[in-house]
Amino acid sequence: MTQTNQTISWKEVIAFLSPTGQQQLVDFVRQAREERGAGWLPEIQAEFPTFSWIVELVCTKSPREAVEELQVAYPSLPLWMIESQLTKFHEVLKTEIERKR
């Protein structure tokens, strides 16, 4: 597991999973892909370590495995309460990351 060196609060998790938060991340991926072209993902991963970790979770783990890894990384957060939202967002984000230009 690649560990982030950041702590995250429950409030930040909820904001991230809100419709607005999810859309912001999807828009970030789209914009990076459009502006940077074919090499967008490695460039963004190098610039944003937390995003790199999210990409790793989304692209190399099943939704269930990703949630389990998040729970290990953030044991104080009750992620079981939002597992269905995490699972749905996993699929949305994976589709957007893997989308071709």
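Quick caveat: nothing in here was measured; it's all calculated off a predicted structure.

A. Structural detail: the overall build of the chain. Of regular secondary structure, the chain possesses six helices and zero strands. Its helices and strands taken in sequence order, the chain reads α-α-α-α-α-α from the N to the C terminus. At 13 Å, the chain has a C-alpha radius of gyration in line with the 13 Å of a compact globule built from 101 residues. If one aligns the C-alpha atoms of the chain with their principal axes, the spans along those axes are about 40 × 25 × 25 Å. The buried share of the chain, reckoned over its 101 residues, is 36%. For the chain, long-range pairs separated by at least 24 residues make up 63% of all intrachain contacts whose partners lie at least 6 apart in sequence. Of the roughly 6300 Å² of accessible surface on the chain, a fraction of 56% belongs to carbon and sulfur atoms.

B. Looking closely at the nonpolar core. Grouped together as the largest cluster of nonpolar side chains are 27 residues, with contacts concentrated most on W40, F51, L70, L79, L86, L93 and I97. Those elements that place two or more of their residues in this core are α1 (10-17), α2 (19-36), α3 (40-47), α4 (49-60), α5 (63-73) and α6 (83-98). The biggest single contributor to this core is α4, with six residues. With residues up to four places along the chain from it excluded, the contact list for I97 reads V29, W40, L41, V55, V58 and C59.

C. Highlighting the packing of aromatic side chains. All chains considered together, the criterion is met by four aromatic pairs. Ring geometry for F16 against F89: centres 5.5 Å apart, planes inclined by 80°, an arrangement best described as edge-to-face. Of this pair, F16 sits in helix α1 while F89 is found in helix α6, placing the two residues 73 residues apart along the sequence. With a relative accessible area of 30%, F16 lands in the partly exposed category. Summarising the aromatic geometry, the rings of W53 and Y74 are spaced 6.0 Å apart at their centres and angled 70° between planes, so their arrangement reads as edge-to-face. Within this pair, whereas W53 is found in helix α4, its partner Y74 is found in the loop between α5 and α6, the two being separated by 21 residues in sequence. Overall, W53 belongs to the buried group, its relative accessible area being 3%. Counting every residue linked through ring pairs, the aromatic cluster contains F28, F48 and F51.

D. Here's a closer look at the packing of α2 against α3. Contact geometry of α2 with α3 gives a least axis separation of 9 Å together with a crossing angle of 120°. On the basis of their axis angle, the class for α2 and α3 is oblique. Along this stretch, α2 crosses α3, giving a crossing that reads as right-handed. Where α2 abuts α3, its residues F28, V29, A32, R33 and R36 lie against W40, E43, I44 and E47. Residues belonging to the contact of α2 with α3 are distributed by class as follows: five nonpolar, no polar and four charged.

Parameters at a glance
- Residues numbered from 1 in each chain as written.
- Predicted model: local features only at pLDDT ≥ 70, side-chain atom pairs only at ≥ 80, totals over all residues.
- Heavy atoms only, no water.
- Helix = DSSP H or I, 4+ residues; strand = E, 2+ residues; numbered from the N terminus.
- Rg over C-alpha atoms; globule rule 2.2 N^0.38 Å.
- Buried < 20%, exposed > 50% of the residue type's maximum accessible area, 1.4 Å probe, protein only.
- Contact = heavy atoms within 4.5 Å.
- Areas by Shrake-Rupley, 256 points an atom, 1.4 Å probe, with all protein chains shown as cover.
- Core = buried A, V, L, I, M, F, W, Y, C linked by side-chain atoms within 4.5 Å.
- Phe/Tyr/Trp six-rings, centres within 6.5 Å; stacked < 30°, edge-to-face > 60°.
- Axes fitted to C-alpha atoms, helices over the stretch in contact; angles between N-to-C directions.
- Parallel < 35°, antiparallel > 145°, perpendicular 65-115°, else oblique.
- Left-handed = near helix turned anticlockwise from the far one by under 90°.
- Nonpolar A, V, L, I, M, F, W, Y, C, P; charged D, E, K, R; others polar.

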